[in-house]
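Each chain, written out:
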Amino acid sequence: MSDLTIYDSQGVPIGGGVGDTDEEIKDFFFSGVRVALETVGSTYTFVAFFRARDSSASRSEQYYGVLETTDEGDLSNFHGIIEDHMRNEHGMELVTSKDDTAVFESLSSGSFGSAPGDRTTRQDIADLVNDGEQARVGVASYEEATELLRTYLKEIDRPNIAIAENAQSSTLSTYDLVIEKGTHSGLALLGDTEQRIEEMKKRKRRERQQLFGADGEEMYGQSQPSGPFGLPMRMFAAAAAVGLVVLLVAGTYGACFLGVSIPVVGDLPGMSCGAAGDGGGGGTGGPADASLAVDISANMTTIDGERTILVTGNLSENDARVTNSTETLNYTLMEGGDENTTVENQTTVNIDENGTFEFSLNDSINESTYQIAVEWRNTSATATASPPGTPDGGDEQSNDSTTDGQSDDSTDGTETTQLSLDGVSVDPTNANESEEVSVTADVTNAGDQSVEQPVFLLVDGNETTNRTVSVAAGTTQSVELTWQAAFDGAGSKQLTVRLGESGEEEMRTVSNN
């Protein structure tokens, strides 16, 4: 179900629209709102500012399009929906030469590049909003605002987001995230957003401490209160508990051996105990509780010129490895044992047929030792990653590699390779079922020697095809991949171009016509 209404800048519906003046649209105009998305249940309300005119000789007028829809795919095709409506219903053409229509125009274009700000700050904002708090941020251009919008449409649950010239406007008080275009540098935290993020981090630290033990369990080198024999209190308590269990089990088995009947002994593994001479008959042990386990390792390496921590591992349930599954993991990363550097986040991993998963962390990784804890269904494991060459760091493992997996660094250490994605275009962006979609990626080699690298195309996270591209030093090479459109009833599909097995990625949306 989709319903489109066009309003003028004073909130009056045009072309036979029904209803009185929409005061919210009028307020949107005076607050410089360019795009707003509100999610209620399964219904999306998408608002966008645009300009249109009767002909090239006419003066352009300012309008807002308001689309209410239950089809998420309509959002990526909103520009086309309005363009068709204005042309077919009102005989008007869109005007794209004004700066204030940049966000609207970007809805039908490709990416402008990476979103502003560092990954940690962007994730902090997403975590804050997903925790039910509000965030207000500032960027320097509408292009940066649009990239940020695209990022958070994927990372925020049930998004309520707006792009405007005044993030503090009372008109936008109900929106969880407002992106302000102004005289900002990078990604600026406005109002009390920074304070809210710090309070959220402190709250999560307290929750983590409660999870691992409020008495100060030794985690990442933190000290614990001492108990008897100089042992940490929690270690002593754990040892005492284990000792009691051992004594109980040993005593029970001994009693059974002597012919003394104890009711609970039937639940002990490999043991049935009855009256003397009855052949040991009795009840069998009950089923064991489901046991969960996490096993991880972490290594620091270099990928595309950036220090990166690669985390690999496996998950087990009832002593059997989890395979061919997608799981959500919570992780905590801390640098050098300093809790003030703690970063908490969440990631989704694909577990292969061998039961192995992998994910990478490369945002602001320094030449330090890091501790990482991974939690899955309230079960966790920890690992340490150190720079190569340190006692715990092992040898350098560069992932700036050719297709044979060997490092491209020369023997004298003076040559480097660095591949990056410098643009991805999709044609068409609105496709029919079974139509061929062409995806072109520009790969740049900023290093000083030629490199070969596979480029992968994924649809909704699943690899569909790949091609190997050879890029000479200091040049850019284009590679084309194709996808036979198969929407399976969905309104749109997410296409991802990935450089190498775990390198840089860029995503584009293709809508179903």
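Conventions we followed
- Residues numbered from 1 in each chain as written.
- Predicted model: local features only at pLDDT ≥ 70, side-chain atom pairs only at ≥ 80, totals over all residues.
- Heavy atoms only, no water.
- Buried < 20%, exposed > 50% of the residue type's maximum accessible area, 1.4 Å probe, protein only.
- Helix = DSSP H or I, 4+ residues; strand = E, 2+ residues; numbered from the N terminus.
- Pairing = 2+ DSSP bridges.
- Axes fitted to C-alpha atoms, helices over the stretch in contact; angles between N-to-C directions.
- Contact = heavy atoms within 4.5 Å.
- Expected span 1.5 Å × (residues − 1).
- Phe/Tyr/Trp six-rings, centres within 6.5 Å; stacked < 30°, edge-to-face > 60°.
- Lys NZ or Arg CZ within 6 Å of the ring centre and 35° of its normal.
- Polar contact = N/O pair within 3.5 Å; in protein donor to acceptor, adjacent residues only side chain to side chain.
- Salt bridge = Lys/Arg side-chain N within 4 Å of Asp/Glu carboxyl O.
- pLDDT = per-residue confidence, 0-100.

Asks: How would you summarise the pairing of strand β21 (residues 451-459) if you had to cite specific residues and measurements?
Replies: Of all 9 residues making up β21, 8 are buried, and the element is well covered by its neighbours. Across 9 bridges, the pairing between β21 and strand β22 (residues 462-471) is antiparallel. Paired with Leu457 across the bridge in β22 is Thr465. What sits between β21 and β22 in their antiparallel hairpin is a turn of 2 residues, with Asp460 showing a positive phi close to 50°.

Asks: Describe the sheet that holds strand β23 (residues 476-484), and please don't skip the residues or the numbers.
Replies: For sheets, the rule is that strands pair by backbone hydrogen bonds, running either parallel or antiparallel. Taken in spatial order, the 3 strands make up an open sheet running β18-β20-β23, and their pairing is antiparallel. At either margin of the open sheet sits one strand with a lone partner, and together these are β18 (419-427) and β23. Across the sheet, the axes of successive neighbouring strands diverge by a mean angle of 20°, strand direction being ignored. As judged from the 9 bridges shared by strand β20 (residues 436-445) and β23, these two strands associate in the antiparallel manner. Counterpart to Thr444 in the pairing with β23 is Thr476.

Asks: So what's going on with the pairing of strand β25 (residues 505-512)? Which residues, and what values?
Replies: Of the pairings in the sheet, the one linking strand β19 (residues 430-431) to β25 comprises 2 bridges and is parallel in character. Considered in β25, the bridge of Ala431 is made with Asn512. Taking the residues between adjacent antiparallel strands as the criterion, strand β24 (residues 492-499) and β25 are bridged by 5 residues, where Gly500 takes a positive phi near 75°.

Asks: How would you explain the environment of Asn166 if you had to name every residue and give the values?
Replies: Structurally, Asn166 is set in the loop between β7 (161-164) and β8 (177-181). On the accessibility criterion, Asn166 (35% relative accessible area) is partly exposed. Taking the C-alpha atoms as reference, Asn166 lies 7.8 Å from Lys181; in sequence the two are 15 residues apart. Leave out the neighbours within four places in its chain, and Asn166 touches Ser31, Leu172 and Glu180.

Asks: Can you break down helix α6 (residues 142-155) residue by residue, with the values?
Replies: Between its first and last C-alpha, α6 extends 20 Å over 14 residues, near the 20 Å set by a 1.5 Å rise per residue. Among all positions in α6, only Tyr142, Ala145, Thr146, Glu147, Leu148, Leu149, Thr151 and Tyr152 are buried. The elements touched by buried residues of α6 are β2 (33-40), α4 (102-106), α5 (119-130), β6 (135-139), β7 and β8.

Asks: Talk me through the sheet that holds β21; I want residue IDs and the actual numbers.
Replies: As summarised here, the arrangement of the 5 strands in space is β19-β25-β24-β21-β22, forming an open sheet in which the pairing is mixed. For this open sheet the edge positions go to β19 and β22, each flanked by a neighbour on one side alone.

Asks: Which residues make up the packing of aromatic side chains, and what values go with them?
Replies: In this structure the tally under the stated criterion is 10 aromatic pairs. Taken together, the ring pairs connect Phe28, Phe49, Tyr64 and Tyr175 into an aromatic cluster. Over the face of the ring belonging to Phe49 we find Arg34, whose NZ or CZ atom lies 4.7 Å from the ring centre. Here Arg498 stacks its cationic end above the ring of Phe456, 5.2 Å away from the centre of that ring.

Asks: Can you break down unusual backbone geometry residue by residue, with the values?
Replies: Going from Asp427 to Pro428, the amide bond is cis rather than trans, its omega being 0°. Looking at the secondary structure, you find Pro428 in the loop between β18 and β19. Positive phi, close to 75°, is recorded for Ser434, a residue that is not glycine. As for its placement among the helices and strands, Ser434 is situated in the loop between β19 and β20. Ser434 sits in the partly exposed class, given a relative accessible area of 45%.

Asks: Tell me about the side chain of Arg136, and please be specific about residues and values.
Replies: Structurally, the position occupied by Arg136 is in strand β6. Side-chain polar atoms of Arg136 contact the backbone oxygen of Asp176, separated by 3.4 Å. Leaving out residues up to four positions away in the same chain, Arg136 has contacts with Ala167, Gln168, Leu172, Ser173, Tyr175, Asp176, Leu177, Val178, Ala188, Leu189, Leu190 and Thr193.

Asks: Tell me about the pattern of salt bridges, and name the residues and values.
Replies: Scanning all chains against the criterion turns up 11 salt bridges. Here Glu93 makes a salt bridge to Arg53, at a shortest N to O gap of 2.9 Å. Note that Glu93 is positioned in strand β5 (residues 93-95) and Arg53 in strand β3 (residues 43-53), a separation of 40 residues in sequence. The exposure class of Glu93 is partly exposed, given its relative accessible area of 32%. The class for Arg53 is partly exposed, based on a relative accessible area of 23%. Residue Lys493 is joined to Asp460 by a salt bridge in which the shortest nitrogen-to-oxygen separation is 3.2 Å. A residue pair is termed long-range when its members are at least 10 positions apart, and Lys493 in strand β24 and Asp460 in the loop between β21 and β22 qualify at 33 residues.

Asks: Which residues make up the confidence of the model for the chain, and what values do they have?
Replies: Per-residue confidence for the chain gives a mean pLDDT of 76, with 75% of residues at or over 70. Scored below 50 in pLDDT, residues 213-224 shows 25 contacts in the model against residues more than four places distant or in partner chains. This model gives residues 257-290 a pLDDT under 50, and the stretch forms 30 contacts once residues within four places in sequence are excluded.

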